[in-house]
Amino acid sequence: MKTAMIKAVLGALCLAALSGVCSAQQPPVFHDDLLDHLVGNWVLEGTIRGKPALHDVTAEWVLGHQYLRLHEISRDKQGDQPQYEAMVFIGWDPKTSEYACVWLDQWGWAFDTAVGRAQRNGNEIPFLFQYPDGLFHTTFAYMPASQSWEMRMDNDVQGKLKPFARTKLTRK
């Protein structure tokens, strides 16, 4: 008798939870005229840590058009694996009116402070990440004339920017 009662209560709770989820309104679709220029297939070329880099990047809207996902894979291999691979998610935080960026790569460093934040500055989105060992700047800059993007990455060493990467994305 007790088991049947527990099952009934659990079933009712599940139905209540599901009906709340089903009746919840969908959030408005995130539209961004600047990020729309980043959708597509790209070749990333430049320098990372002072060494030449050649990567493929695919950018697409995902999860109900709430996030722009970039999938970056280096053409250089270590064994049968790419030397570098990352999934980057860029979204919008309506509470702070800022972009938010989560950068996940094969290094596996995930900190609660590893969400970069930025406010748009013309055709640039200058993300600032607060890592345990200091600030890291990642700026996406759209170049309308060439319809390309630059990605500039810098370590912040006592308030001075030290270049980490200088790359350009051009359409495949």
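See the structure printed just above.
What you see is a predicted model, and the numbers here were worked out from it, not measured in a lab. (Residues numbered from 1 in each chain as written. Predicted model: local features only at pLDDT ≥ 70, side-chain atom pairs only at ≥ 80, totals over all residues. Heavy atoms only, no water.)

### Describing the environment of Asn155
- Secondary-structure assignment places Asn155 in strand E11 (residues 148–157).
- Judged by its relative accessible area of 28%, Asn155 falls in the partly exposed class.
- Each C-alpha atom of the pair Asn155 and Phe129 lies 9.9 Å from the other, and the pair is 26 residues apart in sequence.
- Not counting the four nearest positions on each side in its chain, Asn155 is found in contact with Leu135, Phe136, Lys160, Leu161, Lys162 and Phe164. (Helix = DSSP H or I, 4+ residues; strand = E, 2+ residues; numbered from the N terminus. Buried < 20%, exposed > 50% of the residue type's maximum accessible area, 1.4 Å probe, protein only. Contact = heavy atoms within 4.5 Å.)

### Here we look at the packing of aromatic side chains
- For the structure shown, the criterion picks out ten aromatic pairs.
- With a centroid separation of 6.4 Å and an interplanar angle of 40°, the aromatic rings of Phe127 and Phe129 are classed as tilted. Residues Phe127 and Phe129 agree in their burial class; the two are buried.
- Ring-pair connections join several aromatic residues into one group, and the members of that group are Trp103, Phe127, Phe129, Tyr131, Phe136, Phe140 and Phe164. (Phe/Tyr/Trp six-rings, centres within 6.5 Å; stacked < 30°, edge-to-face > 60°.)

### Points about the side chain of Thr139
- Along the chain, Thr139 turns up in strand E10 (residues 134–143).
- By relative accessible area, which is 10% here, Thr139 ends up buried.
- Leave out the neighbours within four places in its chain, and Thr139 touches Glu124, Ile125, Pro126, Glu150, Met151 and Arg152.

### Here's the deal with the environment of Arg75
- Assignment of secondary structure puts Arg75 in the loop between strand E3 (67–74) and strand E4 (77–78).
- What Arg75 contacts, discounting residues up to four positions off in sequence, is Val43, Leu54, His55, Asp56 and Lys172.
- Side chain to side chain, Arg75 and Asp56 meet in a polar contact 2.8 Å long. (Polar contact = N/O pair within 3.5 Å; in protein donor to acceptor, adjacent residues only side chain to side chain.)

### Quick word on the nonpolar core
- Core analysis: the largest hydrophobic core is formed by 34 residues, its most contacted members being Leu35, Leu38, Leu70, Ile90, Trp103, Phe127 and Phe140.
- Ignoring any residue separated from it by four or fewer positions in sequence, one finds Ile90 in contact with Phe30, Leu35, Gln66, Tyr67, Leu68, Leu70, Tyr99, Ala100, Cys101, Phe127 and Phe140. (Core = buried A, V, L, I, M, F, W, Y, C linked by side-chain atoms within 4.5 Å.)

### A closer look at the environment of Ile73
- By the secondary structure assignment, Ile73 is in strand E3.
- Overall, the relative accessible area of 27% leaves Ile73 in the partly exposed class.
- With twelve residues separating them in the primary sequence, Ile73 and Glu85 have C-alpha atoms 4.5 Å apart.

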